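# Commentary on secondary and tertiary structure
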Amino acid sequence: MENYINFVKCFICSENIKEARMLPCFHSFCFECLQSKYQRPILNKISTLNCPKCDASFELPEGGMDNLKKNKFIECLTETMTKTCGACSRMDIMSFCLH
């Protein structure tokens, strides 16, 4: 389970990724974290940015940060990990409680 937990952690804020956006290098981050890291004044002058994790350069898509691809897989995995059993409050990924 530890591997799954690390997989859905945002490299910028170290929390579970919220509104996952994927860069061309396939790393995903919180949409809000990316917006904060690459603030508008910077974005107005620069269209080539670097991934916060691997430093790979990428071009912002037409329309800016809002048009980065959503990572539905990460969002579903994070949602699954945060579900709890109503009977016993267990929180296990990919398992079902039979209580």
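Placed above this text is the structure.
Here's a quick rundown of the structure. (Residues numbered from 1 in each chain as written. Predicted model: local features only at pLDDT ≥ 70, side-chain atom pairs only at ≥ 80, totals over all residues. Heavy atoms only, no water.)

### Regarding the nonpolar core
Looking at soluble globular proteins, one finds that nonpolar side chains tend to be buried together. Here is the rule we go by: For our purposes a nonpolar core is just a set of buried Ala, Val, Leu, Ile, Met, Phe, Trp, Tyr and Cys residues, chained together by side-chain atoms within 4.5 Å. Burial classes follow relative accessibility: with a 1.4 Å probe on protein chains only, a residue under 20% of its type's maximum area counts as buried, one over 50% as exposed, and anything between as partly exposed. Strands are runs of DSSP state E lasting at least 2 residues, helices are runs of H or I lasting at least 4, and numbering of each runs from the N terminus. When checking whether two residues touch, look at their non-hydrogen atoms; a contact exists if any pair is within 4.5 Å.
Counting residues in hydrophobic clusters, the biggest one holds 20 residues, and the most contacted among them are Cys10, Ile17, Leu23, Phe29, Leu34, Leu49 and Met65. Looking at this core, the elements that each hand over two or more residues are β2 (28-30), α2 (31-37) and α4 (72-81). Excluding residues that lie within four positions of it along the chain, leucine 23 makes contacts with Phe29, Leu34, Cys51, Pro52, Phe58 and Leu68.

### Description of the packing of aromatic side chains
Stated precisely, the cut-off is as follows: Between rings of Phe, Tyr and Trp, where Trp is taken as its six-membered ring, a pair exists when centres lie within 6.5 Å; planes separated by under 30 degrees are stacked, by over 60 edge-to-face, and by other angles tilted. Charge over a ring is defined by NZ of Lys or CZ of Arg lying within 6 Å of the ring centre and within 35 degrees of the ring normal.
A complete count under the given rule lists one aromatic pair for this structure. Note on tyrosine 38 and phenylalanine 58: the rings are 6.5 Å apart at their centroids and 80° apart in plane angle, and the pair reads as edge-to-face. Residue tyrosine 38 is found in the loop between α2 and α3 (40-45), and its partner phenylalanine 58 is found in strand β4 (residues 57-59); the two are separated by 20 residues along the sequence. Accessibility classification places tyrosine 38 together with phenylalanine 58 in one group, the buried group. Above the ring of phenylalanine 31, the side-chain terminus of arginine 21 is found at 4.1 Å from the ring centroid.

Remember that the coordinates give geometry; whether it matters functionally is a separate question.
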